[in-house]
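Descriptive analysis of the structure
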Amino acid sequence: MKIRKGQYGYRDQHKKSRALLTGLFAAAIIAQLIARQMASEQAAKNILTVMAILTVLPMANLASPLLASWKYRTADRSFYEKAHAYEEKCTMLYDLIVTTKEQILPLDAVAVHPNGVFAFCSSEKADLAKAEKAVNALFQANKLDPNLKIVTSRSTFDKRIHSLKPASEYEDDGTVEYGVRVIKGLSM
């Protein structure tokens, strides 16, 4: 069963599939270069060289996000179980990796609520002020209120989500669903 972006376990599954595809492309490149060495005619060698070069481009497109996200794993199951309990209050997304111009943000859990978007980032090195500013600018560019808050403390995240009223108590104008699509679109 394929795990979709925003579901628990996405990072690990995505990393495995990207690594497999990158490996297949690398094997294809090596096979083309070996075939080039075995070819006797110069025209065949030239064609195989061009094929190998053209195969490198899609492999690089697969490998670069893989390398950027390599060290970020799916959060432990106990964290997911605790965050999963809040799904009745708001829309929860898991295992997202949002990139800005300056940093990579591993967002283990994101709560999208009519009052705002609240994210737990497992990277202790993240500059939260810059990250919030960059992502909120992207929200504004997508016609959303710049109301993202990122925290690196699980207890702070839990307290904030626990204090929210259920989303069903608010008028549904479609911004929560649109916000979910925007956040998924910003993620790798």
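Residues numbered from 1 in each chain as written. Predicted model: local features only at pLDDT ≥ 70, side-chain atom pairs only at ≥ 80, totals over all residues. Heavy atoms only, no water.

**Points about the pattern of salt bridges**
Going through the model one piece at a time under the given rule, you end up with seven salt bridges. With its nearest N and O atoms 3.6 Å apart, the salt bridge here joins aspartate 12 to arginine 73. One end of the pair, aspartate 12, is in helix α1 (residues 10-38); the other, arginine 73, is in the loop between α2 (42-69) and α3 (77-84), and 61 residues separate them in sequence. A relative accessible area of 56% places arginine 73 in the exposed class. The closest approach of N and O atoms between glutamate 102 and lysine 130, which form a salt bridge, is 3.6 Å. Within this pair, whereas glutamate 102 is found in the loop between β1 (91-99) and β2 (104-113), its partner lysine 130 is found in helix α4 (residues 128-141), the two being separated by 28 residues in sequence. On the accessibility criterion, glutamate 102 (59% relative accessible area) is exposed. (Salt bridge = Lys/Arg side-chain N within 4 Å of Asp/Glu carboxyl O. Helix = DSSP H or I, 4+ residues; strand = E, 2+ residues; numbered from the N terminus. Buried < 20%, exposed > 50% of the residue type's maximum accessible area, 1.4 Å probe, protein only.)

**Observations regarding the environment of serine 123**
Considering the arrangement of structural elements, one finds serine 123 in the loop between β3 (116-121) and α4. Here the alpha-carbon distance between serine 123 and leucine 105, two residues 18 residues apart in the chain, equals 6.9 Å. If we skip the residues at most four places from it in the chain, serine 123 touches Pro106 and Thr152. (Contact = heavy atoms within 4.5 Å.)

**A closer look at α4**
Two residues of an α-helix separated by three or four positions point the same way, owing to the 3.6 residues in each turn. In a regular helix each residue adds 1.5 Å, so 14 residues correspond to 20 Å; α4 covers 20 Å between its end C-alpha atoms and thus fits that length. When α4 is considered as a whole, its buried residues turn out to be Ala131, Glu132, Val135, Asn136 and Phe139. Each buried residue of α4 lies within a common arc of 120° when the element is viewed along its axis, so the set occupies one face. Projecting away from the buried face of α4 at angles above 90 degrees are the exposed residues Ala129, Lys133, Gln140 and Ala141. In this structure, the buried residues of α4 make contact with β1, β2, β3, β4 (148-151) and α6 (175-186). (Expected span 1.5 Å × (residues − 1). Arc of directions from axis to C-beta.)

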